[in-house]
Amino acid sequence: MPAPARPLRFTAVKVPVDPSSLEKALAKKPFLAHYAGPEELKNLGQALGQEFVAGKDTPLWNALRSQIVEETSGPPKRPADGVVIVRTAKAQTGPTAVFLKGLYAGLSDVGVPVIGVEGTKGDGSSLKAFHAAGLSTVDDVDLQFGKLALIALLADPALGGDFGTRSGKPRLPLIAPLPQQAAGG
């Protein structure tokens, strides 16, 4: 009997970020004040990424929820065993780009698979941002081919790379075959 599916955690980050709003919220929490200021946006994003994956206590997410969270669902306390990033907003620049670069780095720091994805209607700009962050990517994730690539990357992060059909030449991760059982076993 298959194990029951665990609820997924979903969080939509509100962009662009407002650095002054973040600074004011952080200043109210002395133990988080060292993340305040425009020069700390990358470090703040990185710490938020690490908290998101680790689950458990999330003091930064709790302190900044009204500033950076557009929508959320699922249990925040459970550690994530993989992260899929979908960008639905236009490319960001300035302070928001710095913050997102830190967020992507923080998600990757914790040792779980982190994959940036884009659907068939995407313009490729999301993939460029994910590549710049060193993430594995899957284009055309709304097609069966892309879904298979995503599943393979989530199952084995060592397969890392860029997969999908966008280049015109389909690319799937190289999946090792399962070992054959001995006869009579």
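Look up a bit, the structure's there.
Below you will find a few notes about this structure. Model, not experiment: these values are computed from the prediction.

What counts, and where the lines are drawn
Residues numbered from 1 in each chain as written. Predicted model: local features only at pLDDT ≥ 70, side-chain atom pairs only at ≥ 80, totals over all residues. Heavy atoms only, no water. Salt bridge = Lys/Arg side-chain N within 4 Å of Asp/Glu carboxyl O. Helix = DSSP H or I, 4+ residues; strand = E, 2+ residues; numbered from the N terminus. Buried < 20%, exposed > 50% of the residue type's maximum accessible area, 1.4 Å probe, protein only. Expected span 1.5 Å × (residues − 1). Contact = heavy atoms within 4.5 Å. Core = buried A, V, L, I, M, F, W, Y, C linked by side-chain atoms within 4.5 Å. Phe/Tyr/Trp six-rings, centres within 6.5 Å; stacked < 30°, edge-to-face > 60°. Lys, Arg positive; Asp, Glu negative; His and termini not counted. Pairing = 2+ DSSP bridges. Axes fitted to C-alpha atoms, helices over the stretch in contact; angles between N-to-C directions. Polar contact = N/O pair within 3.5 Å; in protein donor to acceptor, adjacent residues only side chain to side chain.

Throughout the structure, instances matching the rule amount to one salt bridge. Of the charged contacts, one joins Asp57 and Lys77 as a salt bridge, the two residues approaching to 3.5 Å between their closest N and O atoms. One end of the pair, Asp57, is in the loop between α2 (41-54) and α3 (59-68); the other, Lys77, is in the loop between β2 (69-73) and β3 (83-86), with 20 residues separating them in the sequence. We classify Asp57 as exposed; its relative accessible area is 60%. Residue classification places Lys77 among the exposed positions, given a relative accessible area of 52%.

To continue, consider helix α4 (residues 94-109). Relative to the 22 Å expected for 16 residues at 1.5 Å per residue, α4 spans 23 Å between its end C-alpha atoms, a close match to the ideal helical length. Inspection of α4 places Thr96, Phe99, Leu100, Gly102, Leu103, Tyr104, Gly106 and Leu107 among the buried residues, and these make up the whole buried set. At its buried positions, α4 is contacted by β1 (10-13), α2, α3, β3, β4 (114-118) and α5 (125-132). One or two residues past the end of α4 sits Gly111, with phi positive at roughly 90°.

What follows covers the nonpolar core. With 32 residues, the main nonpolar core has Leu44, Leu48, Leu64 and Val83 as its most contacted residues. Residue assignment for this core shows that the elements contributing at least two residues are α1 (19-27), α2, α3, β3, α4 and α5. By residue number, the principal contributor to this core is α2, which donates six residues. Beyond its immediate stretch of four places on either side in the chain, Leu64 contacts Leu22, Ala25, Leu26, Leu44, Leu48 and Val69. Membership of the second largest hydrophobic core comes to 10 residues, among which are Val138, Ala149, Leu150 and Leu153.

Another point: the packing of aromatic side chains. One pass over the structure, following the stated rule, counts two aromatic pairs. Judged by centre distance (5.7 Å) and plane angle (70°), the ring pair of Tyr104 and Phe130 falls under edge-to-face. Remark: Phe130 occurs in helix α5 and Tyr104 occurs in helix α4; sequence separation between them is 26 residues. Each of the two residues, Tyr104 as well as Phe130, counts as buried.

A separate point is the side chain of Glu51. Note that Glu51 resides in helix α2. No salt bridge is formed by the buried Glu51; its nearest oppositely charged neighbour, Arg65, is found at 7.4 Å. Setting aside chain neighbours within four positions, we find Glu51 in contact with Asp57, Thr58, Pro59, Leu60 and Trp61.

Turning our eyes to something else, we now look at the sheet that holds β4. Taken together, four strands build an open sheet; the order of strands is β3-β4-β5-β6 and the sheet is parallel. With partners counted over all chains shown, the strands left at the sheet margins are β3 and β6 (162-163), one partner each. Two strands pair when backbone bridges link them, and β4 and strand β5 (residues 136-139) are joined in this way by four bridges, in the parallel orientation. Residue pairing for β5: Glu118 is matched across the bridge by Asp139. Across the sheet, helix α6 (residues 144-155) is in contact with β3, β4, β5 and β6; its angle to β5 comes to roughly 160°.

To continue, consider the environment of Asn43. Following the sequence through the fold, Asn43 ends up in helix α2. The partly exposed category is assigned to Asn43, whose relative accessible area is 37%. A polar contact of 2.9 Å, which involves the side chain of Asn43, links it to the side chain of Glu40.

It is worth stressing that arrangement in space is one thing and function is another; only the former is reported here.
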